[in-house]
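# Breakdown of the fold
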Amino acid sequence: MSLLQIENLGKRFGGVVAVDDCSLSVEEGSITGLIGPNGSGKTTVFNLVTGFIPKDTGSVRFKSKSIDGLGPDRIYGLGIGRTFQLARIFPRLTALENMLVPVRRKGLRALFSRADWGHEKLRAMEMLEFLEISHVSNTLGGALSYGQRKLLELGAVMMAEPELVLLDEPAGGVNPALLERIGDRIRRLNARGITFLLVEHNMGFVMNLCSDVVVLHRGRPIASGDPEIVRRDPAVLDAYLGA
Amino acid sequence: MKVARRTAVLRIVGLTAVLGVALALPLIAPDPATTNIAVFTVMYIGLATAWNIMGGYTGYISLGHAAFFGFGAYTLGLLLGHLGIAGGYTAFLLVPVAGLATAVLAVGIGWFALRTRAATFVIVTIAFMFMLQLLAENLVGLTGGGAGLSFPVPPWGGDYFNTPYYYAMLGLAGLGLGISWWIRRSKFGLGLLAIRDDEDKALAVGVPTRAFKLTAFVVSATLVGMIGAVYGYYVTYIYPQFVVDPLIGISMVLMVFLGGLGTLSGPVVGALILEPAQLSLAYNFGATRLYLVLYAAVFLLVILLLPRGIVPSVTDLLTRWRSRTGPSAPAPVKVLTP
């Protein structure tokens, strides 16, 4: 069953067509890779799905329900988390506080009570330990290394227990050892039932991790399916190598 | 653990002492010159604390908070006039009503102003303040225009005159500090700090940023409106350019920057330093605006030497000094046990 269905999505910025009649679906339980050359519209698709920018045409359905017209906070509330390119965290909050911001609470009273509820903190610390960064829980976000920020951003998104997580270049700019760790953690989170859609340029990482890939070219999917097969698709080679 | 307990005890003793002095001040120094300074200083503690709830926590710098100050003052003045309430303690009971009216205004202004960010927000708040000032000047039938609006004169007098106003201001400052402290440690407050750090990212992790910002704005404005109402009653005669005064708006901002943006005690420290200094300048050099030169100098010095304000800088210094001396220093790396 597909968890996320994107149909005929379109977006132009002035005269530039960023996403053009794009239809794709993400299967529940999968790790789907969204790849394509620079400027092919991958991040725009993310921004459209998560409600950061309004779409011109098309519709997005999550768990068979339309999420069109909802704002980013509402869409996040439905269970779609996202990370950003270049790891965006809150620099003047500690790592632990960074983890607590996304935690969802019901009701006004809960909102106006203490930020650091014991069981939430416990869950945050467990997640930090899982990512092997619990030793920096009291460090300000701005003082963390780039790799630690990447892990922290991934962990923070998990705190609201999303069903689908969109990762924008999880492997961008990190060293090979850390790359291994990030890939491994994504796989383990996937085994816990979280579906991933990720944008990535590191082909080795994608081929290793993803069960499905979708190739975007000029805002339009040109191939999708098993990574090994897609990799040999002439249209894909063409899009990457020139033409 | 021992250090933590000793700090907690010190903190409680310190707070009790400060509160005791604040409560007993009119008894210790009953002369009107001193209590007058005390009224204005405590007023600015309240204003700076209220402004910090918006400006410090969310990072949205409003230079137009004087609009709410003036609006609160005019609301109370008009209420007292139209209801025919004579001067007395009853007038203080209407201060929350002035606050409520200010809250309604703040929802309206915030609704528009918070569609903008950063520098644009600053300009929009200034624009709203001048609009309000113009309205107060030109709606002569309602506000009296440039001729001013008078409040009923209270029946008490002499050395005691300032005392009720002092306690009213102290109460509002205490209320502001309580709210500020409560917000700072709440889930809501954490959301505000997240907005300050990276608003789009906050939105991406589910913080309803618009609702949060508007709530902080309205809470901040309401407190300022109530303080403005007490101020109007205290000075008994208000004029548009002296209550919807840009300098009042700038003073509270400067105090927060001096003391420490986004901290609980920073606004208090800033107000305790700047307001008595400004008043003593006014006494010694007459009602010139010489203090404005001083304000500009302080602003420059803060930006150059203490960009984060006094409280964060001193806290850092203390932490460094503590970690360098003695066995009571906390372990450098400590895994937090929740």
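Since the structure is predicted, the reported quantities are computational estimates derived from the model, not experimental observations.

## Some thoughts on the overall build of chain B
Helix and strand counts for chain B come out as 16 helices and two strands. For a compact globule of 338 residues, the expected C-alpha radius of gyration is about 20 Å, and chain B comes in at 21 Å, within 12% of that figure. Dimensions of chain B, computed from the C-alpha atoms along their principal axes, are close to 65 × 50 × 35 Å. Burial status across chain B gives 44% buried among its 338 residues. A separation of at least 24 residues holds for 80% of the contacts in chain B among residues at least 6 apart in sequence.

## Section: the sheet that holds strand β6 (residues 80-82) of chain A
Residues and elements named next belong to chain A. The six strands are arranged β6-β7-β8-β3-β9-β10 in an open sheet whose pairing can be described as mixed. Each end of this open sheet is capped by a strand with a single partner; those strands are β6 and β10 (220-225). Taken pair by pair, the neighbouring strands of this sheet meet at an average axis angle of 20°, ignoring direction. Summarising the sheet, strand β3 (residues 31-35) and strand β9 (residues 212-217) pair through four bridges and their orientation is parallel. Considered in β9, the bridge of isoleucine 35 is made with valine 215.

## Some words on the confidence of the model for chain B
Residues and elements named next belong to chain B. Per-residue confidence for chain B gives a mean pLDDT of 90; residues scoring 70 or more make up 94%. This stretch, residues 327-338, has a pLDDT under 50; its non-local contacts, to residues over four places away or in other chains, come to 15 contacts. Interface confidence for the predicted complex, given as ipTM, is 0.88, next to a pTM of 0.89.

## Topic: the packing of helix α5 (residues 95-113) of chain B against helix α11 (residues 209-235) of chain B
Residues and elements named next belong to chain B. Interhelical geometry of α5 versus α11 gives an angle of 140° and a closest axis separation of 7 Å. Overall, the two elements α5 and α11 adopt an arrangement that is oblique. Considering the relative orientation of α5 and α11, their crossing is right-handed. Contacts between α5 and α11 pair Val95, Pro96, Ala98, Gly99, Thr102, Ala103, Ala106, Val107 and Gly110 from the former with Leu214, Phe217, Val218, Ala221, Thr222, Gly225, Met226, Ala229 and Val230 from the latter. The class makeup of the residues in the contact of α5 with α11 is 13 nonpolar, five polar and no charged.

## A word on the pairing of β9(A)
All names here are of chain A. Among the six residues of β9, five are classified as buried, and the element is accordingly described as predominantly covered. Bridge count for β9 against β10 is five bridges, and the pairing is antiparallel. Looking at the pairing, leucine 216 lines up with proline 221 of β10. Counting the residues between successive antiparallel strands, the hairpin from β9 to β10 contains two residues, one of them, arginine 218, with a positive phi of roughly 50°.

## So, the interface of chain B and chain A
Tallying the contact residues gives 23 residues for chain B and 36 residues for chain A. Residue assignment for the side of chain B that touches chain A shows that the elements contributing at least two residues are α9 (187-197) and α10 (199-204) of chain B. Considering only residue class, the side of chain B that touches chain A consists of 14 nonpolar, four polar and five charged.

## Considering the sheet that holds strand β4 (residues 57-62) of chain A
All names here are of chain A. Across the sheet, which stays open at both edges, the four strands sit in the order β2-β1-β4-β5 with antiparallel pairing between neighbours. With partners counted over all chains shown, the strands left at the sheet margins are β2 (16-27) and β5 (65-66), one partner each. When strand β1 (residues 2-13) meets β4, the two strands line up antiparallel, connected through five bridges. Residue pairing in the sheet places glutamine 5 in a bridge with arginine 61 of β4.

## Re the nonpolar core
A general trend in soluble globular proteins is that nonpolar side chains are found buried together. Grouped together as the largest cluster of nonpolar side chains are 161 residues, with contacts concentrated most on B:Met169, B:Ile227 and B:Val230. Residues contacting B:Ile227, with those up to four places away along its chain left out, are B:Met43, B:Gly46, B:Leu47, B:Phe69, B:Gly72, B:Met169 and B:Leu172.

## Points about the pairing of strand β8 (residues 195-199) of chain A
Residues and elements named next belong to chain A. By the criterion of burial, β8 is predominantly enclosed, with five of the five residues buried. Side-chain alternation along β8 places Thr195, Leu197 and Val199 on one buried face and Phe196 and Leu198 on a second face that is also buried. As judged from the four bridges shared by β3 and β8, these two strands associate in the parallel manner. What sits directly across from isoleucine 31, in β8, is phenylalanine 196. Sheet topology note: the strand β7 (residues 164-168)/β8 ladder contains five bridges and is parallel. Bridge assignment links leucine 164 to a residue of β8, and that residue is threonine 195. Viewed along the sheet, the connection from β7 through helix α7 (residues 176-191) into β8 turns out right-handed.

## Thoughts on the confidence of the model for chain A
Taken as a whole, chain A shows an average pLDDT of 90; of its residues, 99% reach a score of 70 or greater. Looking across chain A, the model is least confident in helix α10 (residues 234-241) of chain A, with a mean pLDDT of 80, and most confident in helix α3 (residues 95-100) of chain A, with 95.

## What about helix α6 (residues 146-158) of chain A?
All names here are of chain A. End to end, α6 covers 19 Å across 13 residues, agreeing with the expected 18 Å (1.5 Å per residue, within 8%). Within α6, eleven of the 13 residues are buried, leaving the element largely enclosed by the surrounding structure. Buried residues of α6: Gln148, Arg149, Lys150, Leu151, Leu152, Glu153, Leu154, Gly155, Ala156, Val157 and Met158, and no others. Buried residues along α6 sit in contact with β6, α3, α5 (118-130), β7 and α7.

Conventions we followed
Residues numbered from 1 in each chain as written. Chains lettered and ligands numbered in written order. Predicted model: local features only at pLDDT ≥ 70, side-chain atom pairs only at ≥ 80, totals over all residues. Helix = DSSP H or I, 4+ residues; strand = E, 2+ residues; numbered from the N terminus. Rg over C-alpha atoms; globule rule 2.2 N^0.38 Å. Buried ≥ 20, exposed ≤ 12 C-beta atoms within 10 Å, placed from the backbone. Contact = placed C-beta atoms within 7 Å. Pairing = 2+ DSSP bridges. Axes fitted to C-alpha atoms, helices over the stretch in contact; angles between N-to-C directions. pLDDT = per-residue confidence, 0-100. Parallel < 35°, antiparallel > 145°, perpendicular 65-115°, else oblique. Left-handed = near helix turned anticlockwise from the far one by under 90°. Nonpolar A, V, L, I, M, F, W, Y, C, P; charged D, E, K, R; others polar. Core = buried A, V, L, I, M, F, W, Y, C linked by C-beta atoms within 7 Å. Right-handed = clockwise from strand over helix to strand, strands pointing away. Expected span 1.5 Å × (residues − 1).

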